[in-house]
Amino acid sequence: MPATPPLPPAQDPAVADRLAELRGPVPPRHHDARTIAALTANPGCARRAVLDAAGVDKRALAERIGFGPRFGQSPFAISRGNAFEKLVKADGGTTLLHLLRNQLGLDLPIGDQDADAADLDSQWLDLGTGEREERYRRTRDLVAAAARDQGDGPVLADHPLLKLEVGGRVAYVEPDLVAFRASSTSAPTTPWQWYLAEIKSFAMIDGRADPVKVAEAATQAAVYVLAFQALLADLGLPAELAATEVVLVCPKDFSNTPTAALVDVRRQLAAVRRQLDRLPRIGTLLDGLDAGLTFDLAKDEDGEPVRGAAELGKAVAAIEARYAPECVSRCDMAFYCRDEARATCSTDLLGRSVRDALGGVGTMRDVLALAGGEGRGGDEAFDDDPDLAEAARLLSMARRARREALAQAAAVVEAELRSREVAA
Ligand code: SF4
């Protein structure tokens, strides 16, 4: 009899139970495109992978162990973002349809741009209410119906819900909008595609926005496109039906008037796909953890935390991290992990490119020792480890080059001072 294939981790009750145990009796925090984009920026970090898969509130955990994050969107920025999104959608899609058609040149299968409100009403569907699984099912049904008949259903769907497998677990992600059945008028032979739209509150001035913010938005949008492609695959439809250009809607110049641009996210899409593939399977990570480990942030009836900060700190330290300086702007645990890296003089503090160039040398003490050959007896001590021998050779060379450069600079300064003395 053939062996029963193992369940995917997303459906494995043992994995789900273990994750619930790690989180404790508090509601889980769910992944969103922002956290997935940040996760893929550091796919080698087991600590973040486990905390996110378990739905642990990392910000609350970091605060509890004394390393609360000092970044995050300000309440002002959040309410400004919400207000702008509300404004863009306030007229039941008229503004959006105008932007898609007149500004971006997308060909939408509805009447003329002055179609009456009743016409537009039928082109707008709100998928933002109900349980997540139900919302996903309604999104799926809508895409399936539109694939069967181009003329079926609305053109704009608000808050569709998509699914994406992250480290072997299912995460739900929610783009702001899907524009269905649009095609580009600049490429009339292109078949109809589905376009995803993101509404952001940062300004587009003279048609250009802050490149850092656009890059962040593009990576998040790539997560949505990937999830939409997964939905198409689930329906047996080709991935090409999801446009790899996304619609970015922002305030124009210094006003609140919406404007839009198409952003090509093919590069980000490839990067997110590659990084998600590299994410360690959560089941494997859980196998390596001690039984009884928990990040339980629950409080008792007096409002006191059930677990002490020391116990929680010990639990965090038990999972390996992969700190990088970029963590400071991307992960709520950053100040804890940075402190930990400092305490061990880890080469992680130097950034990924330097760390990788050091070929796996873990601490700065070792780097200095290798550079000087101190306490190791010289390069020959690494005969059994060619990587370390090579690192020692390169570091010694770098150290010699630095000494020579400093000596030369000192000689030039001295010569200059002497010549000034003579001239005086
Ligand atoms: S801050 Fe810590 S937990 Fe978060 S990604 Fe960086 S190393 Fe991992």
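Residues numbered from 1 in each chain as written. Predicted model: local features only at pLDDT ≥ 70, side-chain atom pairs only at ≥ 80, totals over all residues. Heavy atoms only, no water.

### Quick word on the overall build of the chain
Item 1. Regarding its fold elements, the chain presents 16 helices and 11 strands.
Item 2. When each of the 424 residues of the chain is scored for burial, the buried share is 42%.
Item 3. Contacts spanning at least 24 positions in sequence make up 64% of the contacts within the chain whose residues lie at least 6 apart. (Helix = DSSP H or I, 4+ residues; strand = E, 2+ residues; numbered from the N terminus. Buried < 20%, exposed > 50% of the residue type's maximum accessible area, 1.4 Å probe, protein only. Contact = heavy atoms within 4.5 Å.)

### A few points about the pattern of salt bridges
Item 1. Taken as a whole and assessed by the stated rule, the structure comprises 20 salt bridges.
Item 2. Residue Arg140 pairs with Asp234 through a salt bridge whose shortest N-O separation is 3.0 Å. Highlighted residues: Arg140 in helix α8 (residues 132-148) and Asp234 in helix α9 (residues 211-234), separated in sequence by 94 residues.
Item 3. Of the residues examined, Arg140 reaches a relative accessible area of 26% and is grouped as partly exposed.
Item 4. What makes Asp234 partly exposed here is its relative accessible area of 45%.
Item 5. Residue Arg420 pairs with Glu416 through a salt bridge whose shortest N-O separation is 3.1 Å. Note that Arg420 and Glu416 are positioned in helix α16 (residues 386-423) at a spacing of four residues, about one turn of the helix.
Item 6. Three or more residues joined by partner-sharing salt bridges are found here, namely Arg48, Asp52 and Lys58. (Salt bridge = Lys/Arg side-chain N within 4 Å of Asp/Glu carboxyl O.)

### Regarding the side chain of Thr40
Item 1. Assignment of secondary structure puts Thr40 in helix α2 (residues 33-41).
Item 2. We classify Thr40 as buried; its relative accessible area is 4%.
Item 3. For Thr40, the side chain forms a polar contact with the main-chain oxygen of Ala37, separated by 2.8 Å.
Item 4. Look past the residues within four positions of Thr40 in its chain and what remains in contact with it is Val272, Gln275 and Leu276. (Polar contact = N/O pair within 3.5 Å; in protein donor to acceptor, adjacent residues only side chain to side chain.)

### Some details on the side chain of Arg23
Item 1. Mapped onto the elements of the fold, Arg23 is located in helix α1 (residues 13-23).
Item 2. This buried residue, Arg23, is left without a salt bridge; Asp296 holds the nearest opposite charge, at 8.7 Å.
Item 3. Not counting residues up to four positions away in its chain, the partners in contact with Arg23 are Pro28, Ala54, Gly55, Val56, Phe295, Asp296 and Leu297. (Lys, Arg positive; Asp, Glu negative; His and termini not counted.)

### A look at the packing of helix α15 (residues 364-372) against α16
Item 1. It is at 7 Å that the axes of α15 and α16 come closest, and there the two elements cross at 75 degrees. When the axis of α15 is compared with that of α16, the two are roughly perpendicular. Between α15 and α16, the contacting residues are Val367, Leu370, Ala371 and Gly372 on the first element and Leu388, Ala392, Leu395, Ser396 and Arg399 on the second.
Item 2. Residues belonging to the contact of α15 with α16 are distributed by class as follows: six nonpolar, two polar and one charged. (Axes fitted to C-alpha atoms, helices over the stretch in contact; angles between N-to-C directions. Parallel < 35°, antiparallel > 145°, perpendicular 65-115°, else oblique. Nonpolar A, V, L, I, M, F, W, Y, C, P; charged D, E, K, R; others polar.)

### Focus: the site of the ligand
Item 1. In the vicinity of the ligand, the contacting residues are Asn42, Cys45, Arg47, Arg48, Ala321, Arg322, Tyr323, Cys327, Cys331, Met333, Ala334 and Cys337.
Item 2. Cavity membership is defined here by more than half of the atoms lying within 2 Å of grid points; on that basis the ligand lies in the largest cavity.
Item 3. Counting residues per element, the ones that place at least two in the shell around the ligand are α3 (46-53) and α13 (334-343).
Item 4. Among the residues making up the shell around the ligand, the classes are represented as eight nonpolar, one polar and three charged. (Near = heavy atom within 4 Å. 1 Å grid on protein atoms, 1.4 Å probe; cavity = no way out; pocket = protein on both sides within 12 Å on 5 of 7 lines; lining within 4 Å. Sits in = over half its atoms within 2 Å of the grid points.)

### Structural notes on the environment of Tyr336
Item 1. Counting through the fold element by element, Tyr336 comes out in helix α13.
Item 2. Linking Tyr336 and Gly66, residues 270 residues apart in sequence, is a C-alpha distance of 8.0 Å.

### Considering the confidence of the model for the chain
Item 1. The share of residues in the chain with pLDDT of 70 or more is 88%, and the mean pLDDT across the chain is 84.
Item 2. Contacts of residues 1-8 to residues separated by more than four positions or lying in other chains number two contacts, the stretch itself having pLDDT below 50. (pLDDT = per-residue confidence, 0-100.)

### So, unusual backbone geometry
Item 1. Although it is not a glycine, His159 sits at a positive phi angle of roughly 50 degrees.
Item 2. Counting through the fold element by element, His159 comes out in the loop between β3 (156-158) and β4 (162-166).
Item 3. For His159, a relative accessible area of 19% corresponds to the buried category.
Item 4. With a phi close to 55 degrees, Cys345 is a non-glycine residue in the positive phi region.

### Observations concerning the nonpolar core
Item 1. With 47 residues, the main nonpolar core has Ile36, Phe180, Trp194, Val223, Phe228, Val265 and Leu276 as its most contacted residues.
Item 2. In terms of residues, this core owes the most to one element, α9, which gives 12 residues.
Item 3. Core analysis: the second largest hydrophobic core is formed by 33 residues, Leu22, Leu297, Leu312 and Cys331 among them. (Core = buried A, V, L, I, M, F, W, Y, C linked by side-chain atoms within 4.5 Å.)

### What to know about empty space enclosed by the protein
Item 1. Within the structure shown, the criterion is met by three cavities of 30 Å³ or more.
Item 2. Residues of the lining of the largest cavity, tallied by class, amount to 10 nonpolar, one polar and six charged.
Item 3. Approximately 70 Å³ is the volume found for the second largest cavity.
Item 4. No other element matches α3, which puts three residues into the lining of the second largest cavity.
Item 5. Grouping the constituent residues of the lining of the second largest cavity by class yields seven nonpolar, two polar and one charged. (Points joined across faces, edges and corners; volume = space filled by probe spheres on them.)

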